[in-house]
Amino acid sequence: RCIQVCDNIQGVGIWDVQNRGTRTNVGVKFAQYIEESNCALCGQCITHCPVGALHERDDVQKVYDALADKEKTVIVQVAPAVRSAWGESLGLDAKQSTPGKMSNALHKLGFDYVFDTNFTADLTIMEEGSELIERLTKHANKPHSFPMFTSCCPGWIRFVKAHYPQFVDNLSTAKSPQQMFGPIAKTYWAKRMKLDPENIVCVSIMPCLAKKHESDLENMDDAGAGQDVDIVLTTREFVRMINSSQINVADLKDDKFDSPLGESTGAAVIFGVTGGVMEAALRSAYFLVTGKNPKADAFKEVRGYDGWREASFKLPGKTLKVAIANGLGNAAKLLDAIDEGRVTYDFVEIMACPGGCVGGGGQPICDGKELAQGRGQILYNLDKGAKLRFSHENPEVQKLYEDFLGAPLSKKSHKLLHSNHHDWNMPHV
Ligand code: SF4
């Protein structure tokens with residue numbers, strides 16, 4: 001199944017059968033180590049393995065060590081898609097495993113502050129949406145301005161760098177929400193709290209394996225205090241910690257996320273599902289161009305789970321043509337079509353995992369079931385019920401710009417929230 005999902009769904013072909021007869025086994029093609037290969041680190045081989053033969057690097061002990069260190073302030077951020085799935089392995093449905101209970105469980109595990117990656121998802125929209133508008137207005141004729149590709153999925157970034165390097169300069173330079181959170185926590189928040197950033201341990205809980213690698217990249221140290229994000233756990237590792245601590249989640253009350261860096265909007269929570277980043281970006285891009293909010297569901301045409309979808313929207317003076325792909329096999333088809341001039345787009349969202357992060361390689365494993373769509377619906381329901389549904393209306397993001405960053409795409413925003421995709425290489429390019 002690992003070979004099949006990697007070959008047929010993701011189109012990457014990292015795994016293969018090796019040797020013959022009784023010595024047959026599964027390994028990385030050409031007898032490489034996985035880190036020497038062009039693996040996207042999407043983790044679909046793990047979630048599709050029926051016998052638990054594959055697993056991610058276990059970082060749980062590092063978190064326990066940090067929590068036991070009295071010198072350290074240990075903070076945690078939780079990605080949007082985690083809240084759609086963490087209850088599954090605990091036998092709880094969406095009503096019994098709310099984001100509030102998740103925050104309570106994290107406080108109970110001993111984290112000093114529990115924050116929400118949704119906060120930096122809103123921040124990503126401010127930066128990426130402004131970058132799109134800047135390309136449309138100031139850099140329309142520059143090579144590589146269009147299509148602009150989203151950059152919040154590190155599995156997709158690894159894929160495009162390895163297989164379609166001609167498109168690397170089309171990527172938005174905005175970091176992923178995880179990697180925006182780290183430097184903001186270790187600069188802006190550390191200063192507010194009068195904490196030495198060297199003594200902050202920044203942990204994240206992600207539906208994703210590629211984000212473990214992303215946090216280790218040599219250029220992800222913009223706060224000047226070591227790695228911006230120190231430890232990344234998957235949803236599965238988080239659930240193991242809950243089980244080890246014998247926390248009965250069903251009995252927990254809803255807790256708020258800590259503030260600032262805990263407030264978020266409905267636009268942020270849909271980052272976890274394919275089409276969500278596009279929809280959130282369009283909501284704010286419309287506001288940036290017209291000064292008025294569209295209806296919150298004005299761009300819902302981008303929703304759905306087909307592998308490659310497209311839509312057009314009218315903005316004043318411009319019809320924006322967008323496309324969305326989920327799963328790397330679909331991404332390859334879309335990139336080939338762009339490369340051969342068969343299609344043209346202004347803005348393209350790509351998520352490496354089928355269904356987006358809700359189907360991420362770090363999510364709970366339910367053998368034989370594809371749960372991404374049900375999880376996606378949980379995120380859409382959270383968006384629908386949110387008080388605020390536009391990233392630019394997040395009051396804590398507004399305050400961050402007012403007090404610290406200045407404006408989207410400012411010099412400080414560029415230093416902390418954007419990265420150069422050429423700063424590191426894939427093994428075989
Ligand atoms: Fe990670 Fe989400 Fe990308 Fe999958 S789709 S690799 S979970 S960021």
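Residues numbered from 1 in each chain as written. Predicted model: local features only at pLDDT ≥ 70, side-chain atom pairs only at ≥ 80, totals over all residues. Heavy atoms only, no water.

1. Observations concerning helix 12 (residues 328–339)
Each turn of an α-helix holds 3.6 residues, which means side chains three or four residues apart point in the same direction.
Link 1 in the chain: With twelve residues, helix 12 extends 16 Å from end C-alpha to end C-alpha; this agrees with the ideal 16 Å at 1.5 Å per step.
Link 2 in the chain: Buried within helix 12 are the following residues: Leu328, Gly329, Ala331, Ala332, Leu334, Leu335, Ala337 and Ile338.
Link 3 in the chain: Here the buried face of helix 12 lies against helix 1 (2–9), strand 5 (148–149), helix 6 (154–163), strand 8 (308–315), strand 9 (318–326) and strand 10 (347–351).
Link 4 in the chain: Two residues or fewer after helix 12 comes glycine 341, characterised by a positive phi angle close to 75°. (Helix = DSSP H or I, 4+ residues; strand = E, 2+ residues; numbered from the N terminus. Expected span 1.5 Å × (residues − 1). Buried < 20%, exposed > 50% of the residue type's maximum accessible area, 1.4 Å probe, protein only. Contact = heavy atoms within 4.5 Å.)

2. Concerning unusual backbone geometry
Link 1 in the chain: Note the cis peptide between phenylalanine 146 and proline 147, where omega equals -5°.
Link 2 in the chain: Residue proline 260 is bonded to the preceding serine 259 through a cis peptide linkage, with omega at -10°.
Link 3 in the chain: With phi around 70°, histidine 144 is a residue other than glycine that occupies positive phi space.
Link 4 in the chain: Inspection of the secondary structure puts histidine 144 in the loop between helix 5 (117–137) and strand 5.
Link 5 in the chain: Residue classification places histidine 144 among the partly exposed positions, given a relative accessible area of 34%.

3. Things to note about the nonpolar core
Link 1 in the chain: Among the nonpolar cores identified, the biggest contains 66 residues, and Phe149, Trp156, Phe159, Leu282, Val302 and Val322 are the most heavily contacted of them.
Link 2 in the chain: Filtering out sequence-adjacent residues up to four positions away, phenylalanine 149 remains in contact with Trp156, Phe167, Asn170, Leu171, Ser172, Leu335, Ile338, Val348 and Ile350.
Link 3 in the chain: Among the nonpolar cores identified, the runner-up in size contains 57 residues, and Val78, Val82, Ile205 and Leu233 belong to it. (Core = buried A, V, L, I, M, F, W, Y, C linked by side-chain atoms within 4.5 Å.)

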